[in-house]
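Survey of secondary and tertiary structure
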Amino acid sequence: MLFRVDAKPGRLTTWVLSWFLFGMGVTFYFWTANQRHLENPEDKVVPGLRQLVEGIGGAFLSADVEETLAADAAQEPLLKRFLTSMLWTDTVASAKRFAWAMALLIPAVLLGLHMGLFPVFGHFFLRFILFFDKIVALSVLPILFIAFGIDELSKIMLIVIGVTPTIILDTFNLTKSIPPEQVVKGFTLGAKDFGVAYLVVMKQILPRVLNSVRLNLKAIMLFLFAGEMIASQDGLAYRISLLRRHMGMNVIIPYVLWVALLLFLVDFTMRYTNRKLHPWFREV
Amino acid sequence: MELIRLSDIRVAYSVPGQVPRKVLDGLNLTIREGEFVAVCGQTGCGKSTMLRLILGAEQPTAGKVLIDGIEVTRPNRHRGYVPQKYSLFPDRTVLGNIAFGPEMEEFGILGRCTPRFLRRRREIRTEAHRLLIQMGLCESDGSKYPDQLSGGMQQRVAIAQALIMRPKILLMDEAFSALDPATRAEMQRLVRTIWATTGTTVLFVTHNIAEAIYLGSRVVVLGKETPQGSSKVLLDLDVPDAVRTPSGYPRRDELERLTQMVEGTAMGGQPELRLVEFER
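Below or above, wherever it landed, is the structure these notes cover.

Reading guide: rules and limits
- Residues numbered from 1 in each chain as written.
- Chains lettered and ligands numbered in written order.
- Predicted model: local features only at pLDDT ≥ 70, side-chain atom pairs only at ≥ 80, totals over all residues.
- Heavy atoms only, no water.
- Contact = heavy atoms within 4.5 Å.
- Salt bridge = Lys/Arg side-chain N within 4 Å of Asp/Glu carboxyl O.
- Polar contact = N/O pair within 3.5 Å; in protein donor to acceptor, adjacent residues only side chain to side chain.
- Helix = DSSP H or I, 4+ residues; strand = E, 2+ residues; numbered from the N terminus.
- Nonpolar A, V, L, I, M, F, W, Y, C, P; charged D, E, K, R; others polar.
- Pairing = 2+ DSSP bridges.
- Buried < 20%, exposed > 50% of the residue type's maximum accessible area, 1.4 Å probe, protein only.
- Core = buried A, V, L, I, M, F, W, Y, C linked by side-chain atoms within 4.5 Å.
- Phe/Tyr/Trp six-rings, centres within 6.5 Å; stacked < 30°, edge-to-face > 60°.

Structural notes on the interface of chain A and chain B
- Tallying the contact residues gives 22 residues for chain A and 30 residues for chain B.
- Linking chain A to chain B there are 3 salt bridges.
- One salt bridge connects B:D147 with A:R282, and the closest N-O pair in it is separated by 3.1 Å.
- Taken together, the links from chain A to chain B amount to 7 residue pairs in polar contact (both at pLDDT 80 or more).
- Elements supplying a minimum of two residues to the side of chain A that touches chain B: α8 (180–188) and α9 (193–215) of chain A.
- With 8 residues, α9(A) is the largest single contributor of residues to the side of chain A that touches chain B.
- Classifying every residue of the side of chain A that touches chain B gives 11 nonpolar, 6 polar and 5 charged.

Let's talk about the pairing of strand β1 (residues 2–13) of chain B
Residues and elements named next belong to chain B.
- As defined by bridge partners, β1 adjoins strand β2 (residues 21–32) across 9 bridges and the pair is classed as antiparallel. Residue A12 lies in a different strand from β2, and its bridge partner there is K22.
- Across 5 bridges, β1 lies against strand β4 (residues 62–67) in antiparallel orientation. The residue bridging R10 from the neighbouring strand is A62, located in β4.

Some points on the environment of B:L29
- By secondary structure assignment, the location of B:L29 is in strand β2.
- Here the alpha-carbon distance between B:L29 and B:P60, two residues 31 residues apart in the chain, equals 14 Å.

What about unusual backbone geometry?
Residue and element names in this part refer to chain B.
- Its identity as a non-glycine residue notwithstanding, R166 has a phi of 50 degrees, on the positive side.
- One can find R166 in the loop between α4 (151–163) and β7 (169–173).
- Of note, the phi angle at E174 is positive, near 50 degrees, even though the residue is not glycine.
- With respect to the helices, strands and loops of the structure, E174 is situated in the loop between β7 and α5 (181–198).
- Note on E174: relative accessible area 12%, which makes it buried.

Examining the pairing of strand β6 (residues 79–82) of chain B
All names here are of chain B.
- Residues R79 and Y81 point to one face of β6 and G80 and V82 to the other, with burial holding for every one of them.
- Sheet topology note: the β6/β7 ladder contains 4 bridges and is parallel. Paired with V82 across the two strands is M172, which belongs to β7.

Section: the pattern of salt bridges
Residues and elements named next belong to chain B.
- As enumerated under the stated definition, the model contains 36 salt bridges over all chains in all.
- A salt bridge links E103 to R112; the shortest N-O distance between them is 4.0 Å.
- With relative accessibility at 2%, the residue E103 sits in the buried group.
- Between D236 and R218 there is a salt bridge; the shortest N-O distance is 2.8 Å.

A word on the nonpolar core
- One finds B:I98, B:M135, B:I159, B:M172, B:F176, B:I213 and B:V219 to be the most contacted residues of the largest nonpolar core, which totals 115 residues.
- No other element matches helix α4 (residues 86–117) of chain A, which puts 11 residues into this core.
- Residues in contact with B:I98, not counting those within four places in the same chain, are B:A128, B:L131, B:L132, B:V157, B:A160, B:Q161 and B:I164.
- Counting residues in hydrophobic clusters, the runner-up holds 29 residues, among them B:L3, B:L24, B:C45 and B:M50.

Some details on the packing of aromatic side chains
- For the structure shown, the criterion picks out 19 aromatic pairs over all chains.
- For the pair A:F194 and A:Y198, a centre-to-centre distance of 6.3 Å together with 25 degrees between the ring planes defines the contact as stacked. In this pair, A:F194 and A:Y198 are both assigned in helix α9, 4 residues apart and thus about one turn of the helix distant.
- Ring geometry for B:F176 and B:F204: centres 5.3 Å apart, planes at 55 degrees, overall tilted. Taken together, the residues B:F176 in the loop between β7 and α5 and B:F204 in strand β8 (residues 201–206) connect sequence positions 28 residues apart.
- When its relative accessible area of 1% is taken as the criterion, B:F176 is described as buried.
- Note on B:F204: relative accessible area 0%, which makes it buried.
- Aromatic ring contacts, followed pair by pair, group A:F60, A:F82, A:W88 and A:W258 into a single cluster.

Keep in mind that these numbers describe shape and distance, not what the molecule does.
Rendered as structure tokens:
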């Protein structure tokens, strides 16, 4: 069954298979934590369940990592405590930078579209973008800090340099893959150049462009985190970097899982939106 | 009245490291308004190239393509186009595909944000719906996407999409080549009926001589006089009405005779009649 192309596992088998590795991972983690805590009850490297719960509580309900849950057991509503918590303020800070980066992908997509459709545009930009794409973004980080300082602009520029060439080239290739008959059809149906660009080509490639952006979400976060860890006073990566010095694994691990959950939600939202906006698109 | 003129057309493609390959060399052809010109010839003889020149999707290396005395530079709404593949926009429903042209021509991109667009859209969609039914499709097909349709249905929609623009010229490039024989025969009768009803000038490219003779009021055969040569017009004949019965089906004997004549004169091969359906 394992190596049969025509295997058809049942629903229960499929469910068990898909959750098996998660279960194994969690089990192995807590077994390791238990072993370490038997040797050293104050071990911080692999926090146990109690330490994790304390860490999560502190992160979700406290504004500062030093505050304890007992001290925070005030009469304030949970929602208010969450909205003033360390996790939430860090999330908002990182989310703003992420939103800026996503917004800057829009001109990148438009550039790729125009490069693919208008030959003069294409010849003008293609060689440069191909070269630019090969620049390792993290290697220019010092240059960015020197040129733009250590505020938001340099962090955003890091993401731009790291991700936008890929998106531009992906969109360019998707545009080129549209059959020429479709472009000619557009003209014979009364469209002008921009009509063909936006109402014929763009509409057809948009679901694939959204998928391309989805596939680059991790890269966007990678560059965002790199910028935050090195030169930021807030944000999810900044907090992780700060807690590293205190061996605060009981907070770092929840933060890592929180980031993964957020990315999963963004990815899920994009997939759902893509399906709703483009019911005709058959994802391969 | 003369509508299309191809004057001393030369088309050559550059191949890296080789001598440019001449596809068409010194092609001259005129097409009158209202004609149904079927262009046929062997694979690679330049039929589709000639169609694309008239469409404006390609430019000749030398010579001119004139429509109504004006040189053709790019495709426009006066030339409807039905290709063999990729004839519909996959992101639009059938009704959306047919209505695309009038909506695009009247409102462009930004005009779609106006209240007037919503009013006119209803009227345009009503017209599109009428054409849909005229093409032999049913109401429920209007909300389907192209990939939910058969090949024959897709080509019907593609013809409706072109016709709603009321083009001066309808260019069909091997439009039925991918269809099964029964569907192909239906589409042949449909196109003949449309031509008879609308009087649109039609240029129909096919590699099948019998189909060309059955469909066209005039048949132009392109081909090479020598294997290494470029293509020219080998034969240009007006098709007699005797080729078709009063009900529009092909007459076997007449079709066979003409096909053999064309084959013998221009192609030197065996006649192929299996792609037309005779009256039972």
